Amino acid sequence: MNIIVAADRKWAIGKQGGLLVSIPEDMRLFREETLGKVVVMGRKTLESLPGGQPLYGRTTIVLTRNPEYKVKGAIVCHSLEEALEKLKAYPSEDIFIAGGQSIYEQFLPYCDTAHVTYIDYSYEADTWFPDLDKDEDWKLALETEEETYFNLCYNFRMYKRKARG
């Protein structure tokens with residue numbers, strides 16, 4: 001499974017239910033990577049999307065603790081175990097974990113690739129992603145040249161889980 005995330009230099013990912021910044025190239029990459037694939041997200045992340053609706057052209061799996069929650073066009077699961085069971089129907093390489101913080105933390109042990117848009121700035125935030133640079137189980141496998149969006153510097157990084165055992 002894959003994780004896809006945009007994080008600042010302190011691995012912050014959001015504030016008050018929204019992204020820290022919207023970079024058009026990051027949004028384009030997210031669309032390209034996930035179109036026709038499976039996207040897993042929490043209810044709050046889904047509700048932060050335009051119209052609070054699942055993304056077009058993707059199978060969307062939403063995790064929520066609310067047993068009454070329903071959303072048209074998405075598969076709703078109420079536990080990590082239930083989501084993992086549903087995900088068995090799809091090729092692992094076609095699954096992208098898309099947040100928020102608790103969803104990333106729950107699924108990280110099951111993922112072997114992380115697609116990170118690394119933003120060279122420190123934002124005020126209230127949600128974070130685990131620091132893969134400090135995690136012995138992960139290594140930086142690929143890094144693009146630095147790009148800019150107005151005065152913001154960022155690049156794309158791919159982390160791979162080191163072989164287990």
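Residues numbered from 1 in each chain as written. Predicted model: local features only at pLDDT ≥ 70, side-chain atom pairs only at ≥ 80, totals over all residues. Heavy atoms only, no water.

**Description of the packing of aromatic side chains**
- The full count for this structure, using the stated rule, is six aromatic pairs.
- Between Y149 and F150 the ring centres are 4.8 Å apart and the planes differ by 70°, which places this aromatic pair in the edge-to-face class.
- Exposure remark for Y149: the relative accessible area of 29% places this residue in the partly exposed category.
- Overall, the relative accessible area of 74% leaves F150 in the exposed class.
- We note R157 situated over the ring of Y118; from NZ or CZ to the ring centre the distance is 3.7 Å. (Phe/Tyr/Trp six-rings, centres within 6.5 Å; stacked < 30°, edge-to-face > 60°. Buried < 20%, exposed > 50% of the residue type's maximum accessible area, 1.4 Å probe, protein only. Lys NZ or Arg CZ within 6 Å of the ring centre and 35° of its normal.)

**What to know about empty space enclosed by the protein**
- All told, the structure shown has one cavity of 30 Å³ or more when counted by the stated rule.
- Along the walls of the largest cavity sit A6, I13, L19, L20, V21 and I119, which together make up its complete lining.
- Partitioning the lining of the largest cavity into residue classes produces six nonpolar, no polar and no charged. (1 Å grid on protein atoms, 1.4 Å probe; cavity = no way out; pocket = protein on both sides within 12 Å on 5 of 7 lines; lining within 4 Å. Points joined across faces, edges and corners; volume = space filled by probe spheres on them. Nonpolar A, V, L, I, M, F, W, Y, C, P; charged D, E, K, R; others polar.)

**Some words on the nonpolar core**
- I3, V40, I97, F107, F129 and L132 are the most contacted members of the largest nonpolar core, which totals 28 residues.
- Here the element with the most residues in this core is helix 3 (residues 80-87); it accounts for four residues.
- Each residue touching V40, except ones within four places of it in the same chain, is listed here: I61, L63, L87, I95, F96, I97, A98, G99, I103 and F107.
- One finds V62, A74, F96 and A98 within the second-largest nonpolar core, a separate group that totals 13 residues. (Core = buried A, V, L, I, M, F, W, Y, C linked by side-chain atoms within 4.5 Å. Helix = DSSP H or I, 4+ residues; strand = E, 2+ residues; numbered from the N terminus. Contact = heavy atoms within 4.5 Å.)

**Brief notes about the layout of surface pockets**
- Counted as a void, the largest pocket has a volume near 1200 Å³.
- Lining of the largest pocket is provided by 41 residues; of these, K44, T45, A98, G99 and G100 occupy positions nearest its centre.
- Going through the elements one at a time, strand 1 (2-8), strand 2 (12-15), strand 3 (18-19), helix 1 (24-34), strand 4 (38-42), helix 2 (43-48) and helix 4 (101-107) are the ones with two or more residues in the lining of the largest pocket.
- Examining the composition of the lining of the largest pocket, we find that six residues originate from one element, helix 4, more than from any other.
- Across the lining of the largest pocket, the residue classes break down as 16 nonpolar, 16 polar and nine charged.

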